[in-house]
Amino acid sequence: MRFACIVFPGSNCDVDMYHAIRDELGEEVEYVWHSETDLDRFDAILLPGGFSYGDYLRCGAIAHFSNVMESVKKAAEAGKPVLGVCNGFQVLVESGLLPGALIRNKNLKFICRPATLVVENNETMFTSGYENKQEIVIPVAHGEGNYYCDDETLKALEANNQIVFRYKNNFNGSINDIAGITNEKGNVLGMMPHPERAVDQLIGSADGLNLFKSILRNWREAHVLNV
């Protein structure tokens, strides 16, 4: 399986994402600069965290105009897995691939700490490796991670089972404790916590590795013929 790790000016979690795929998952991964216009050679797309374009205007607001985003949208429409983490989540929201908005944390401070998440839907291509309602520890590092949407959107997210992760202890003010959501089709996931920073017990948690293993397992079931 081949992953694209999208790099914008200001990305700073791309190396962590690359390490998670190459060294922990053992799959192919390639850095892809934001000016790229063709992602057809990749099976999955990763939008890492950071401060794309310095977070000017709004977090992710400028990145969504990058050339590569048209190809990201094309990949999403084709059903390929697209994962946006932290700033990557913000870019997906600004691009219209996911609903809602990410606003300032309720305490107006940058928060960097381990967070306990509850797996709310383990029937997606990203979460099939977890048990439903399983509690996992994934670190966060954000200043604008407070997820917000209107009542109608929230009802739709609930009805379609698009809320994938919730915070056990909501520290940033996110509506309904939301930490991660998918699109209706279930192939685009945005989450503020960093699974790529939780892939080895040596660094405090390996709970994030199952997310990447789930993507790989789903792809193999769909594309690899067992003889």
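Bear in mind that the values here come from a model prediction, so they are computed numbers and not experimental data.

Colleague: How would you summarise the UniProt feature "active site" (unreviewed entry) in the chain if you had to cite specific residues and measurements?
Modeller: As recorded in UniProt, the feature "active site" (unreviewed entry) lies at Cys86, His194 and Glu196. Judged by maximum C-alpha separation, these annotated positions cover 111 residues in sequence but sit close together in space, the widest gap being only 11.0 Å. Residue classification places Cys86 among the buried positions, given a relative accessible area of 6%. Residue placement: His194 occurs in the loop between strand S11 (188–191) and helix H5 (209–223). When residues no more than four places from it in sequence are discounted, the contact partners of His194 are Cys13, Gly49, Val85, Cys86, Ile138, Pro139, Val140 and Ala141. Engagement of the side chain of His194 in a polar contact is seen with the side chain of Glu196, the distance being 2.6 Å.

Colleague: A description of the pairing of S11 should follow, citing residues and the corresponding values.
Modeller: It is a general feature of regular strands that their side chains alternate between the two faces of the sheet. Burial along S11 is two-sided: Val188 and Gly190 and Leu189 and Met191, pointing in opposite directions, are all buried. In the sheet, strand S4 (residues 82–85) pairs with S11 via four bridges, with the strands oriented parallel. Along S11, the bridge assignment pairs Val82 with Val188. Sheet analysis places strand S10 (residues 178–182) next to S11, joined by three bridges and oriented antiparallel. Residue pairing across strands places Gly180 opposite Met191, the latter belonging to S11. Hairpin geometry of S10 and S11 is characterised by an intervening segment of five residues between the two adjacent antiparallel strands and by a positive phi of about 90 degrees at Gly186.

Colleague: Account for the sheet that holds strand S2 (residues 28–33), naming residues and giving values.
Modeller: A sheet is described by the order of its strands in space; here nine strands give the open sequence S2-S1-S3-S4-S11-S10-S9-S6-S7, paired in mixed fashion. Unpaired on one side and paired on the other, S2 and strand S7 (135–142) mark the two borders of the sheet. Averaged over all neighbouring strand pairs, the angle between strand axes comes to 25 degrees, with direction disregarded. Strands strand S1 (2–7), S2, strand S3 (44–47), S4 and S11 of the sheet are contacted by helix H2 (residues 68–77), whose axis makes an angle of about 135 degrees with S3. Each of strand S9 (163–167) and S10 touches helix H4 (residues 151–159); the most contacted strand, S9, lies at about 110 degrees to it.

Analysis parameters
Residues numbered from 1 in each chain as written. Predicted model: local features only at pLDDT ≥ 70, side-chain atom pairs only at ≥ 80, totals over all residues. Heavy atoms only, no water. UniProt positions renumbered as here; feature names shortened; annotations may be inferred. Buried < 20%, exposed > 50% of the residue type's maximum accessible area, 1.4 Å probe, protein only. Helix = DSSP H or I, 4+ residues; strand = E, 2+ residues; numbered from the N terminus. Contact = heavy atoms within 4.5 Å. Polar contact = N/O pair within 3.5 Å; in protein donor to acceptor, adjacent residues only side chain to side chain. Pairing = 2+ DSSP bridges. Axes fitted to C-alpha atoms, helices over the stretch in contact; angles between N-to-C directions.

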